[in-house]
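Listed here are the chains, written in short residue letters.
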Amino acid sequence: MALQCGIVGLPNVGKSTLFNCLSNAKAQSANFPFCTIEPNVGVITVPDDRLNKLAEIDKPQRLIPTTVEIVDIAGLVKGASKGEGLGNKFLANIRETDAIIHVLRCFDDENVVHVDGSVNPVRDKEIIDAELQLKDLETVESRLSKVQKQAQTGGDKQAKRLVEVLLRFKEVLEQGQSARVVSFDSKEDQRLAADLFLLTDKPVLYVCNVDEASAVSGNKYVEQVREAVKNEGADILVVAAKIESEIAELDTYDERQLFLGEIGLEESGVVRLIKTAYHLLDLQTYFTTGADETRAWTFTRGSKAPQCAGIIHTDFEKGFIRAEVIKYDDYVRLGSEAACREAGKIGIEGKEYVVQDGDILHFRFNV
């Protein structure tokens, strides 16, 4: 499954600099608003030491990691919900993403102008929140005007249920809150809510872009953000995008690790961001491996074997018979599939098996 995260934020907060660190694509990074006019899409390889370890064992012809798509979206300004700046284009692009990476400027630099004249990440966050909430409210009210008529005149039970979902969203949006604070108990209501594709219903990761001196411990601006989002259940990541761009230019892994060690970090912000994005969307990884190919596959936590088989090919799910499962630790300890089979470490699982993170799978199917 292709995970797509949209990087958003006010102009000149470091979105494009961060994007350049994350991908091989090079967005224009300049000191003026709207330097990213069209969304730039970069594909990031997800780092996973387990994949490399399996490749060392099987020595496959191909090694295929899983990936994340990052979309750098044009800067938003106050009034975007009414079409100000590049608002409509921004809102259309963000609607297509799975999660939002909201970059907040948490550094002082008189050489980098701020669109609102001063550094205040909480104010910046509230500007973007308000614009997205206004657009969602517009979406909800428009849908309500159509569905309420169906519910009243046609006696449509589904329409009545959708009206209830829409009214709950309308209530919180009118209070200046995001749609994600609303939770639904029934799966049907959850599906109806998801089908609305509301902007503020997407999971969000706040990235505090700091200066080099604050890369490890953060600063006063980061603490202000933590306080502002403490009731949202959102993740916060502290990243020095300028430093990350320097790390990205280094040729070898050892050079990058040495650089990180010098500034007191164990992992780069890029690695931490990808891991956090996975956590945000409740994603996990399973593997297929052999002499031809060792590959990582992304799935949603709690998925059953047929669903995971369908990620490889829809025929695998349609004709699913069983899954042969080897635990990663067993595979590494015993050193091959044959050794696992001999040791009785291959489990035969049916349609109700819930796939676990790190499982090595071989699917049997018939179509």
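Residues numbered from 1 in each chain as written. Predicted model: local features only at pLDDT ≥ 70, side-chain atom pairs only at ≥ 80, totals over all residues. Heavy atoms only, no water.

K.L.:
Looking at this structure, I do not really get the environment of Lys-304. What am I missing?
P.N.:
Relative to the elements of secondary structure, Lys-304 occurs in the loop between β9 (293–300) and α11 (305–312). C-alpha of Lys-304 to C-alpha of Glu-352: the two residues are 48 residues apart in sequence and 5.9 Å apart in space. Among residues more than four places away in sequence, those in contact with Lys-304 are Lys-351, Glu-352, Tyr-353, Val-354 and Val-355. (Helix = DSSP H or I, 4+ residues; strand = E, 2+ residues; numbered from the N terminus. Contact = heavy atoms within 4.5 Å.)

K.L.:
Got a minute to help me understand the side chain of Lys-125 in this structure?
P.N.:
Turning to its location among the elements, Lys-125 is positioned in helix α4 (residues 121–153). Note on Lys-125: relative accessible area 6%, which makes it buried. In this structure the side chain of Lys-125 is engaged in a polar contact, spanning 2.4 Å, whose partner is the side chain of Asp-129. Those residues in contact with Lys-125 that sit more than four places away from it in its chain are His-102, Leu-104, Tyr-206, Val-229 and Glu-232. (Buried < 20%, exposed > 50% of the residue type's maximum accessible area, 1.4 Å probe, protein only. Polar contact = N/O pair within 3.5 Å; in protein donor to acceptor, adjacent residues only side chain to side chain.)

K.L.:
How should I be thinking about the confidence of the model for the protein in this particular structure?
P.N.:
Predicted coordinates in regions of low pLDDT should not be interpreted in detail. When pLDDT is averaged across the protein, the result is 86; 88% of the residues are at 70 or more. Below a pLDDT of 50 lies the segment residues 25–37, which in the model reaches 39 contacts outside its immediate sequence neighbourhood of four places, other chains included. (pLDDT = per-residue confidence, 0-100.)

K.L.:
How do you make sense of the sheet that holds strand β4 (residues 67–72) when you look at a structure like this?
P.N.:
Sheet strands pair by backbone hydrogen bonding; their relative direction is either parallel or antiparallel. Taken in spatial order, the six strands line up as β2-β4-β1-β5-β6-β7 in an open sheet, and their pairing is mixed. Of all the strands in the sheet, just β2 (40–45) and β7 (235–239) have a single pairing partner and so form its edges. When the angles between neighbouring strand axes are averaged without regard to direction, this sheet yields 25°. As defined by bridge partners, β2 adjoins β4 across six bridges and the pair is classed as antiparallel. Residue pairing in the sheet places Asn-40 in a bridge with Asp-72 of β4. Its contacts with the sheet place helix α7 (residues 220–229) against β5 (99–105), β6 (204–209) and β7, and it is angled at close to 170° to β7. (Pairing = 2+ DSSP bridges. Axes fitted to C-alpha atoms, helices over the stretch in contact; angles between N-to-C directions.)

K.L.:
For this particular structure, what's the right way to read unusual backbone geometry?
P.N.:
The bulk of non-glycine residues show a negative phi, and the bulk of peptide bonds are trans. We note that Lys-59 has phi near 45°; this positive angle belongs to a residue other than glycine. Following the sequence through the fold, Lys-59 ends up in the loop between α2 (49–58) and β3 (62–64). Using a relative accessible area of 63% as the deciding quantity, one classes Lys-59 as exposed.

K.L.:
Teacher, can you tell me more about the packing of helix α5 (residues 157–174) against helix α6 (residues 187–194) here?
P.N.:
Geometrically, a packed helix pair is captured by the angle between its two axes and the distance between the axes. At a minimum axis distance of 10 Å, the contact between α5 and α6 shows a crossing angle of 70°. In this view, α5 runs roughly perpendicular relative to α6, as classed from their interaxial angle. Pair α5 / α6 crosses with right-handed handedness. On α6, the residues that touch Gln-158, Arg-161, Leu-162, Val-165 and Phe-169 of α5 are Glu-188, Asp-189, Arg-191, Leu-192 and Ala-193. Of the residues in the contact of α5 with α6, the class split is five nonpolar, one polar and four charged. (Parallel < 35°, antiparallel > 145°, perpendicular 65-115°, else oblique. Left-handed = near helix turned anticlockwise from the far one by under 90°. Nonpolar A, V, L, I, M, F, W, Y, C, P; charged D, E, K, R; others polar.)

K.L.:
Help me understand the pattern of salt bridges in this model?
P.N.:
Two side chains with opposite charge may pair up if their charged atoms get near one another. In total, this model carries 22 salt bridges according to the counting rule given. The residue Asp-124 makes a salt bridge to Arg-123 at a minimum N-O spacing of 3.2 Å. The class of Asp-124 is buried, set by a relative accessible area of 2%. The closest approach of N and O atoms between Lys-275 and Glu-267, which form a salt bridge, is 2.5 Å. Residue Glu-267 is classed as partly exposed on the basis of its relative accessible area, which comes to 29%. Salt bridges here are not isolated pairs; linked through shared partners, they connect Glu-324, Glu-337, Arg-341 and Arg-364. (Salt bridge = Lys/Arg side-chain N within 4 Å of Asp/Glu carboxyl O.)

K.L.:
Could you clarify how one ought to interpret the nonpolar core in this entry?
P.N.:
Across soluble globular proteins, you tend to see nonpolar side chains buried next to one another. If you look at the biggest cluster of nonpolar residues, it comprises 56 residues, and the most contacted ones within it are Leu-18, Ile-70 and Val-207. Formed by 20 residues, the second largest nonpolar core is a distinct cluster that contains Ala-159, Val-172, Phe-184 and Leu-198. (Core = buried A, V, L, I, M, F, W, Y, C linked by side-chain atoms within 4.5 Å.)

K.L.:
Hey, could you run me through α2 in this one?
P.N.:
An α-helix turns once every 3.6 residues. As a result, residues three or four positions apart point the same way. If you check which residues of α2 are buried, you get Arg-50, Leu-51, Leu-54, Ala-55 and Asp-58. Looking down the long axis of α2, one finds its buried residues gathered within 140° of arc, a one-sided arrangement. Exposed positions of α2 whose direction lies more than 90 degrees from the buried face are Asp-49 and Glu-56. Next to the buried residues of α2 lie β3, β8 (283–288), β9, α13 (328–334) and β12 (360–365). (Arc of directions from axis to C-beta.)

K.L.:
Any chance you could explain the packing of aromatic side chains here in plain terms?
P.N.:
The way to describe two aromatic rings as a pair is by their centre distance and the angle between their planes. According to the stated counting rule, one finds six aromatic pairs in the structure shown. Through a chain of ring-to-ring contacts, three or more aromatic side chains come together here, namely Tyr-286, Trp-297, Phe-299, Phe-320 and Phe-363. Cation over ring: Arg-295 sits above Trp-297, and NZ or CZ is 4.0 Å from the ring centre. (Phe/Tyr/Trp six-rings, centres within 6.5 Å; stacked < 30°, edge-to-face > 60°. Lys NZ or Arg CZ within 6 Å of the ring centre and 35° of its normal.)

K.L.:
Help me understand the pairing of β6, please; the structure alone is not making it clear to me.
P.N.:
Each regular strand carries side chains that alternate between the two faces of the sheet. Among the six residues that make up β6, six are buried, leaving the element largely enclosed by the rest of the structure. Residue alternation in β6 divides its side chains into two sets, Val-204, Tyr-206 and Cys-208 and Leu-205, Val-207 and Asn-209, and both sets are buried. Pairing of β5 with β6 involves six bridges; the strand directions are parallel. Residue pairing for β6: Leu-104 is matched across the bridge by Cys-208. Examined bridge by bridge, β6 and β7 share five bridges and lie parallel to one another. Within β7, the position partnered with Tyr-206 by the bridge is Ile-236. Where the polypeptide runs from β6 across α7 and back to β7, its parallel neighbour, the crossover connection is right-handed. (Right-handed = clockwise from strand over helix to strand, strands pointing away.)

K.L.:
What's the story with the packing of α4 against α5 in this structure? I'm lost.
P.N.:
Where α4 contacts α5, the two axes come as close as 9 Å, and the packing angle between them is 150°. Taken together, the axes of α4 and α5 are roughly antiparallel relative to one another. Once α4 is placed against α5, the crossing between them reads as left-handed. Facing α4, whose interface residues are Gln-133, Asp-136, Leu-137, Val-140, Glu-141, Arg-143, Leu-144, Val-147, Gln-148, Gln-150 and Ala-151, α5 presents Ala-159, Lys-160, Leu-162, Val-163, Leu-166, Leu-167, Phe-169, Lys-170, Leu-173 and Glu-174. Taken together, the residues of the contact of α4 with α5 sort by class into 12 nonpolar, three polar and six charged.

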